[in-house]
Amino acid sequence: MTVTVRLFASLRERTGSSTITRTVADGTTSGDLVAALCSDFPALAGAGRFAIAVNSEYTDRDHALRDGDEVALIPPVSGGAGAA
Amino acid sequence: MIRLTADPIAIDDLLQAVADPAAGAVVLFIGTTRDHNEGRSVERLEYEAYHGMAEREIEKIAAEARERWKIAHLAVVHRTGVVPIGSASVAIAASAAHRADAFAAARFAIDRLKEVVPIWKKEFFEGGAVWIGDQACRVGRWEEAPDARGGDAADDAAAGGEAAAGTTGSSSAGR
């Protein structure tokens, strides 16, 4: 099955990609995918903390992926303005 | 009214969006870009959003605000792209019959926005730039990359099930 990975902010810059398409085996979890990505992009390893969202919903590493899912790696958010 | 925009935020639009004859109060919060941070002189800020998810997360915040306080309307607009110093990067308006509810809902909305809405800020200063992200772990969702400084689970009280993932990528550690 095929999933799309979205990368933002520091993770996008570290990998040089904002969108990656990957083919993964049935039964792959979001955590499996993150581990595979960290192998492919050593710059992701050591990127610090990030959250995982599947199809625009926060989830965890145990989320079983389905064909066509959009998986986003979300570094700590910082919207708003300053420490206002 | 929930909107991300690359254009300057039109405050009047927010006020119109929350106008209501039953409202006795409108609270308007404007977050503006500051020219200094942690001792650095900031030249400009740039915001990046996960469009789609960001709006959905703001919708959830608005729904929760409506459950918790008796508000008439809530409007949230966040700017994206380069925002010059001194400009509005986010604006929130809340209207309610009584001011206490409007204040509380607006305060909740900006605080929660900064915790969960996938929008990132890059700070440009003389000699460099850095992505700001000091809200890490606040909601227990931010996990360590598999290779990075593992064993930090104490910060992740709500992030169950990551023990197995903690060692998955260790083969590429130490590069």
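As the structure is a prediction and not an experimental result, all values here were calculated from the model.

Engineer: Residues and numbers for the overall build of chain B, please.
Structural biologist: Summing up its helical and strand segments, chain B has three helices and ten strands in all. Written out in order from the N terminus, the α and β elements of chain B read β-α-β-β-β-α-β-β-β-α-β-β-β. A buried classification covers 37% of the 175 residues belonging to chain B. For chain B, contacts bridging at least 24 residues in sequence account for 68% of all contacts bridging at least 6.

Engineer: Help me get a handle on the overall build of chain A, residues and values and all.
Structural biologist: Counting its regular elements, chain A contains two helices and five strands. Beginning at the N terminus, the succession of helices and strands in chain A can be written as β-α-β-α-β-β-β. Over its C-alpha trace chain A gives a radius of gyration of 13 Å, about what one expects of a compact globule, namely 12 Å for 84 residues. Overall size of chain A, expressed as C-alpha extent along the three principal axes, is 45 × 25 × 20 Å.

Engineer: Account for the packing of helix H2 (residues 53-68) of chain B against helix H3 (residues 99-116) of chain B, with residues named and values stated.
Structural biologist: Residue and element names in this part refer to chain B. Closest axis-to-axis distance for the H2/H3 pair is 10 Å, and the angle between their directions is 150°. Relative to H3, H2 is oriented roughly antiparallel. The crossing of H2 and H3 is right-handed. Each of Glu 57, Ile 58, Ile 61 and Ala 65 in H2 lies in contact with H3, whose residues at this interface are Ala 105, Phe 108, Ala 109, Arg 112, Leu 113 and Val 116. Classifying every residue of the contact of H2 with H3 by side-chain character gives eight nonpolar, no polar and two charged.

Engineer: Summarise the nonpolar core; cite the residues concerned and give the values.
Structural biologist: If you look at the biggest cluster of nonpolar residues, it comprises 64 residues, and the most contacted ones within it are Ile 74 of chain A together with Leu 74, Ile 92, Ala 94, Ala 105, Ala 106 and Ala 109 of chain B. Not counting the four nearest positions on each side in its chain, Ala 109 of chain B is found in contact with Ile 61, Ala 65, Leu 74, Val 76, Ile 92 and Ala 94 of chain B.

Engineer: For the environment of Ala 17 of chain B, give the residues involved together with the corresponding values.
Structural biologist: Residue and element names in this part refer to chain B. When you line up the elements, Ala 17 lands in helix H1 (residues 11-18). Among the residues examined, Ala 17 registers 18 C-beta atoms within 10 Å and is labelled partly exposed. The residues contacting Ala 17, other than those within four sequence positions of it, are Met 1, His 73, Ala 75 and Ala 93.

Engineer: Let's hear about the sheet that holds strand S2 (residues 25-32) of chain B: which residues, and what values?
Structural biologist: Residues and elements named next belong to chain B. The strand order across the open sheet built from four strands is S1-S5-S7-S2, with neighbouring strands paired in mixed fashion. A strand with exactly one partner marks an edge of an open sheet, and here the two such strands are strand S1 (2-5) and S2. Averaged over neighbouring strand pairs, the angle between their axes works out to 10° when direction is ignored. In this sheet, strand S5 (residues 71-79) lies alongside S1 in parallel orientation, the contact comprising four bridges. When the sheet's bridge partners are listed, Arg 3 is paired in S5 with Val 77. Contacting S2, S5 and strand S7 (88-96), H3 crosses the sheet at an angle of about 150° to S7.

Engineer: Give a description of H3 of chain B that names residues and reports values.
Structural biologist: In an α-helix, one turn spans 3.6 residues, which is why side chains three or four residues apart end up on the same side. Here H3 of chain B spans 26 Å end to end across 18 residues, near enough to the 26 Å set by a 1.5 Å rise per residue. In this structure, the buried residues of H3 of chain B make contact with S2, H2, S5 and S7 of chain B.

Engineer: Tell me what's going on with the environment of Ala 96 of chain B, and back it up with residues and numbers.
Structural biologist: Residue and element names in this part refer to chain B. Relative to the elements of secondary structure, Ala 96 occurs in strand S7. The class for Ala 96 is buried, based on 26 C-beta atoms found within 10 Å. Expressed as a C-alpha distance, the spacing of Ala 96 and Gly 24, which sit 72 residues apart in the sequence, is 6.1 Å. Apart from residues no more than four positions distant in its own chain, Ala 96 is found in contact with Ala 23, Ala 25, Trp 69, Lys 70, Ile 71, Ala 72, Asp 101, Ala 102 and Ala 105.

Engineer: Break down unusual backbone geometry for me, citing the residues and quoting the values.
Structural biologist: Phi angles above zero are rare outside glycine, and Asn 55 of chain A is one such case at about 50°. In the Ramachandran plot, Glu 38 of chain B falls in the positive-phi region, its phi being about 50° despite a non-glycine side chain. Accessibility expressed as a C-beta count within 10 Å gives 11 for Glu 38 of chain B, which makes it exposed.

Engineer: So what about the environment of Lys 70 of chain B? Which residues, and what values?
Structural biologist: Residue and element names in this part refer to chain B. Residue placement: Lys 70 occurs in the loop between H2 and S5. Considering only alpha carbons, one finds Lys 70 and Ala 105, 35 residues apart in sequence, at a separation of 8.8 Å. Discounting chain neighbours no more than four positions away, the residues touching Lys 70 are Ala 96, Ala 97 and Asp 101.

Engineer: Tell me about the confidence of the model for chain A, and name the residues and values.
Structural biologist: Of all residues in chain A, 95% have pLDDT values of 70 or greater, and the mean over the chain is 89. Confidence, read as mean pLDDT per element, is least for strand S3 (residues 49-54) of chain A in chain A (90) and greatest for strand S1 (residues 2-7) of chain A (97).

What counts as what
- Residues numbered from 1 in each chain as written.
- Chains lettered and ligands numbered in written order.
- Predicted model: local features only at pLDDT ≥ 70, side-chain atom pairs only at ≥ 80, totals over all residues.
- Helix = DSSP H or I, 4+ residues; strand = E, 2+ residues; numbered from the N terminus.
- Buried ≥ 20, exposed ≤ 12 C-beta atoms within 10 Å, placed from the backbone.
- Contact = placed C-beta atoms within 7 Å.
- Rg over C-alpha atoms; globule rule 2.2 N^0.38 Å.
- Axes fitted to C-alpha atoms, helices over the stretch in contact; angles between N-to-C directions.
- Parallel < 35°, antiparallel > 145°, perpendicular 65-115°, else oblique.
- Left-handed = near helix turned anticlockwise from the far one by under 90°.
- Nonpolar A, V, L, I, M, F, W, Y, C, P; charged D, E, K, R; others polar.
- Core = buried A, V, L, I, M, F, W, Y, C linked by C-beta atoms within 7 Å.
- Pairing = 2+ DSSP bridges.
- Expected span 1.5 Å × (residues − 1).
- pLDDT = per-residue confidence, 0-100.

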